[in-house]
Every structure is written in C-alpha cells, then in structure tokens.
Amino acid sequence: MTSATPRPQPPAATAQDAVAPAGPRPRTRMIATDLDGTLLRDDKSVSDRTVAALAAAEEAGVEVFFVTGRPARWMHVVSDHVHGHGLAICGNGAAVVDLHGGPGAHRFVKLRELEREIALDVVRRLRAAAPGTSFAIERTGGLHHEEAYPPLHMEPGESVAPAEKLLAANPEHSAVTDQPVLKVLAHHPELAPDEFLVVARAAVGDRATVTRSSPSALLEISGPGVSKASTLELCCAERGITPEEVVAFGDMPNDIEMLTWAGTSYAMGNAHPDVVAAASGRTVANNEDGVAVVIEQILADQRQG
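Here the structure is a predicted model, which means the values were calculated and not measured. (Residues numbered from 1 in each chain as written. Predicted model: local features only at pLDDT ≥ 70, side-chain atom pairs only at ≥ 80, totals over all residues. Heavy atoms only, no water.)

**Comments concerning the confidence of the model for the chain**
Just so we agree on the cut-off: Every residue gets a pLDDT, meaning the predictor's confidence in that residue, from 0 to 100. Here a residue-residue contact requires only that any non-hydrogen atoms of the pair lie within 4.5 Å.
In the predicted model, the chain carries a mean pLDDT of 89, and 86% of its residues have values of at least 70. Across residues 1-16, where pLDDT falls below 50, the model places 29 contacts with residues more than four positions away in sequence or in other chains.

**Digging into the pairing of strand E2 (residues 63-67)**
For the record, the criterion: The cut-offs for exposure are 20% and 50% of the maximum accessible area for each residue type, with area from a 1.4 Å probe on protein chains only; residues under the lower value are buried, those over the upper are exposed, and the others partly exposed. Put simply, DSSP marks the helices as runs of H or I at least four residues long and the strands as runs of E at least two long, and each gets a number from the N terminus on. Pairing between two strands is assigned when DSSP locates at least 2 bridges connecting them.
Counting buried positions along E2 yields four of five residues, so the element is predominantly enclosed. Pairing of strand E1 (residues 30-33) with E2, which is carried by four bridges, proceeds in the parallel orientation. Opposite Ala 32, over in E2, you have Phe 65 as the bridge partner. With two bridges joining them, E2 and strand E3 (residues 87-90) adopt parallel strand pairing. Following the sheet pairing, Val 67 is matched in E3 by Ile 89.

**Notes on the sheet that holds strand E4 (residues 95-98)**
Spatially, the eight strands line up as an open sheet ordered E5-E4-E3-E2-E1-E11-E12-E13, and their pairing is mixed. Of all the strands in the sheet, the pair left with one neighbour each is strand E5 (107-111) and strand E13 (281-282). One ladder, built from four bridges, connects E4 with E5; its direction is antiparallel. Counterpart to Val 97 in the pairing with E5 is Phe 108.

**So, helix H3 (residues 116-129)**
Basically, it comes down to this: For a helix, the expected span equals 1.5 Å multiplied by the residue count minus one.
Its 14 residues place the ends of H3 20 Å apart at the C-alpha level, agreeing with the 20 Å of an ideal helix rising 1.5 Å per residue. Elements in contact with the buried residues of H3: strand E6 (134-139), helix H4 (163-166), strand E8 (181-187), helix H6 (193-204) and strand E10 (218-222).

**Focus on the sheet that holds E10**
Our working definition: Axis definition: a line fitted to C-alpha atoms, limited for helices to the stretch in contact. Angles are taken between N-to-C directions and run from 0 to 180 degrees.
Strand order across the open sheet formed by five strands is E7-E6-E8-E10-E9, with antiparallel pairing between neighbours. Because the sheet does not close on itself, it has two edges, and the strands there are strand E7 (142-145) and strand E9 (209-211). Geometrically, the sheet is characterised by an average inter-axis angle of 25° between neighbouring strands, direction not taken into account. As paired elements, E6 and E8 share six bridges and run antiparallel to each other. The partner of Phe 135 across the bridge, within E8, is Ala 186. Sheet strands in contact with H6 are E8, E9 and E10, and its direction is about 175° off that of E9.

**Examining the pattern of salt bridges**
The condition is simple: A side-chain nitrogen of Lys or Arg and a carboxyl oxygen of Asp or Glu constitute a salt bridge if their distance falls within 4 Å.
If you walk through the whole model with that rule in mind, you get 20 salt bridges. Residue Arg 29 pairs with Glu 245 through a salt bridge whose shortest N-O separation is 3.4 Å. Note that Arg 29 is positioned in the segment before E1 and Glu 245 in the loop between helix H7 (228-239) and strand E11 (246-250), a separation of 216 residues in sequence. Using a relative accessible area of 15% as the deciding quantity, one classes Glu 245 as buried. Where Arg 73 meets Glu 138, a salt bridge forms, and the shortest distance between an N and an O atom there is 2.7 Å. Highlighted residues: Arg 73 in the loop between E2 and E3 and Glu 138 in strand E6, separated in sequence by 65 residues. Exposure remark for Arg 73: the relative accessible area of 24% places this residue in the partly exposed category. Exposure remark for Glu 138: the relative accessible area of 6% places this residue in the buried category.

Structure (structure tokens):
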C-alpha cells in the first residue's frame, strides 16, 4: 500500500482564534463535537481540561453530543465522560447510541441504515470508476471486509469475502446478513485521499452520501441524506433546539455539513483546509484542547450575560 499524500496544513491557529464570530447570538444549548482530531488528542486520550469543560457544560444546562464516524463499539474512549442524556451520534449519522451502559453495553436508539441494493450499486460504480478499490462493510454487529482491504482499523473483520458476497442476502449466514448496514468503507491504494473523494462522488451521485475522515484514501459511504448534520438535526428537533443554539466542532470533510448547519462552528487548528473554509470560527488544535478552550469561553460569556 502506498503512503497517503500529506494534506496541506493551514496556518496554525492561536488562542485568539478561539473566540465566537462577531455579532450577537442566541444562548448555547448544545455542544456537538467530533472525536478523532477534534475532542481527542492524537494519542486518543481526553485531557483533564476537556473532561472538566464537558462536565461544566452539562452542569450549566448545555447538552453535549459526541458526533463521530466511529462505530458504537469504539466509543469506550468517551464512555466515562457522558453526562445527562448519554447519547452519541455514531457512524457519520447512521446511528444514535445510548452509552450509559458503558463499553460493550451500548444500546442503539436510532438507525439510519444503508439499504443493501444501494450498497451493492455503490460497490459496482466504484469498482468501475476506481479500479483497485477494496471494500469493507460496517454492520451494527461488526466489520466485514474483502481480503485486499488493508488493516486500517482497531479490530479484525468478522468475515472476509468479496463485498458482493458480504452484502448478499444469505439465509445460511442470517445472523450477519440480517444486521443493518451502517456504512460501506472503500479504500484505494494509489489515489490521493481528496482525489478519491472527488472520483467517488462523481460516480455515486446522490445515491448515497460519500465522505472521508481518514488521512489515507479511505471513504465512508452512508445512506442517501445520512450525515452527521442530518442526524444531529433530528436529535435537536426532538429537544426543541434550533441550529442557532448549537456550537459544533470538527476537523475533517465528514464534519463539513455539521459545521455549516450549526449556528456557530469551529474548525480545529489541525483541520483540513475545506473544514476551515466551512466553519464560522477557528480554535486551537486538538492537542491544545481547542474544544475546551471554546467551551470555557462560552460558559464564561453566559454567566456574564
């Protein structure tokens, strides 16, 4: 596998970048934050400062939603830091998960699955548009992948076969094939990550949602209209929270829809250039606790207001 082309790095943010955009705005009622490259440090830890900021937000009546591309079973990194409702949006909007049970005991509250026929169509189109693409299928119960798919994840696949077989309706393997499909993952060994994204979106069109969050040429494909933003919008509507009352954080292309939907949004100091362009504000990098910096300022402003 060839190494991924390094993405251009925007200029480093300073502490002064971590301020709200100019002008009056409604009181913040929800913080929506990505995890990897955003809330989490590069070693996948949550700093003490961030833990304290999350707890302070909940104590002040500001709901916190973790909104991530991770599957539910990888949410142990923040399971000790959930408060209040305990819900997280996983799989780029494909699932809303109750984390109150702790690692391995999560409960799916809402599923927005990728229909099997759409997934098969996407696989056919990407095989034609980008020969050499390998696939993995993310179901509610685990990951299943093709033999050529690289070991990019934290776990081995539960089964290995061509994507068409993994997506087939197979009564002999109904314990797996009956599980809803949350995402199709597509990897290319040669294309640059952003180039692969452009090729795939042209091939797939509006049949599915295609995005990426990895530094490698790895795409994440969800059902049509399924994104972090659209599922966050559903969760906010259930709570009577408007976009203007939401502050969102992110660093990669899979965060862009959420950042443009939220009334106020911050790109991390380490964010992809397209994310910087989409967000209304900017904070310092994930390793400098950029999310906590903004939360602390929001809470200070609301105490004074």
